[in-house]
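So the chains spell out like this:
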Amino acid sequence: MDHALMVEEVWSDELWRLTSARVGELAGYSYLSPRRHIPHITDLSGPEAETFGDVVARASNAIKDATGAELVYLYV
């Protein structure tokens, strides 16, 4: 069965972008990325590195609130 990947931007600011997608019966996933391309997380700039924790926490809480999920898993 072929399922189209439906990706949409759900939040962004001058440094970060949060997208969300649904695939088939998978409830979905979200992807937080810096607006500029970086090859490794160690390449985050000062402002990106300074805001990373707060942005991850806010995005995780928003996902939980929107979906009712008990857990939000994070990986880099």
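This report concerns the structure included in the present document. These figures come from a predicted structure and were not determined experimentally. (Residues numbered from 1 in each chain as written. Predicted model: local features only at pLDDT ≥ 70, side-chain atom pairs only at ≥ 80, totals over all residues. Heavy atoms only, no water.)

**Focus on the nonpolar core**
Right, on to step 1. Among the nonpolar cores identified, the biggest contains five residues, and these are Leu15, Trp16, Ile38, Leu44 and Val55.
Right, on to step 2. In contact with Trp16, other than residues within four places in its own chain, are Trp11, Leu32, Ser33, Pro34, Arg35, Leu44, Glu48, Thr51, Phe52 and Val55. (Core = buried A, V, L, I, M, F, W, Y, C linked by side-chain atoms within 4.5 Å. Buried < 20%, exposed > 50% of the residue type's maximum accessible area, 1.4 Å probe, protein only. Contact = heavy atoms within 4.5 Å.)

**Thoughts on the layout of surface pockets**
Right, on to step 1. Considered as a void within the structure, the largest pocket measures approximately 1,300 Å³ in volume.
Right, on to step 2. For the lining of the largest pocket, the elements supplying multiple residues, two or more each, are strand S1 (6-12), strand S2 (16-23), strand S3 (26-34) and helix H1 (46-67).
Right, on to step 3. The element best represented in the lining of the largest pocket is H1, accounting for 10 residues.
Right, on to step 4. Here the residues of the lining of the largest pocket sort into 30 nonpolar, eight polar and four charged. (1 Å grid on protein atoms, 1.4 Å probe; cavity = no way out; pocket = protein on both sides within 12 Å on 5 of 7 lines; lining within 4 Å. Points joined across faces, edges and corners; volume = space filled by probe spheres on them. Helix = DSSP H or I, 4+ residues; strand = E, 2+ residues; numbered from the N terminus. Nonpolar A, V, L, I, M, F, W, Y, C, P; charged D, E, K, R; others polar.)

**Notes on H1**
Right, on to step 1. With 22 residues, H1 extends 32 Å from end C-alpha to end C-alpha; this agrees with the ideal 32 Å at 1.5 Å per step.
Right, on to step 2. By the largest-angle criterion, Phe52 marks the main kink of H1, which is about 45°.
Right, on to step 3. Restricting attention to buried positions, one finds in H1 the residues Glu48, Val55, Val56, Ala59 and Ser60.
Right, on to step 4. In the stretch just after H1, Gly68 is the one whose phi turns positive, near 80°. (Expected span 1.5 Å × (residues − 1). Bend = angle between axes of the 7 residues up to and from the residue.)

**Some points on the packing of aromatic side chains**
Right, on to step 1. Within the structure shown, the criterion is met by one aromatic pair.
Right, on to step 2. Plain terms: the ring middles of Trp16 and Phe52 are 5.8 Å apart, the flat faces sit at 45° to each other, and that makes the pair tilted. Linking Trp16 in strand S2 with Phe52 in helix H1, this pair joins segments that are 36 residues apart in sequence.
Right, on to step 3. By relative accessible area, which is 23% here, Phe52 ends up partly exposed. (Phe/Tyr/Trp six-rings, centres within 6.5 Å; stacked < 30°, edge-to-face > 60°.)

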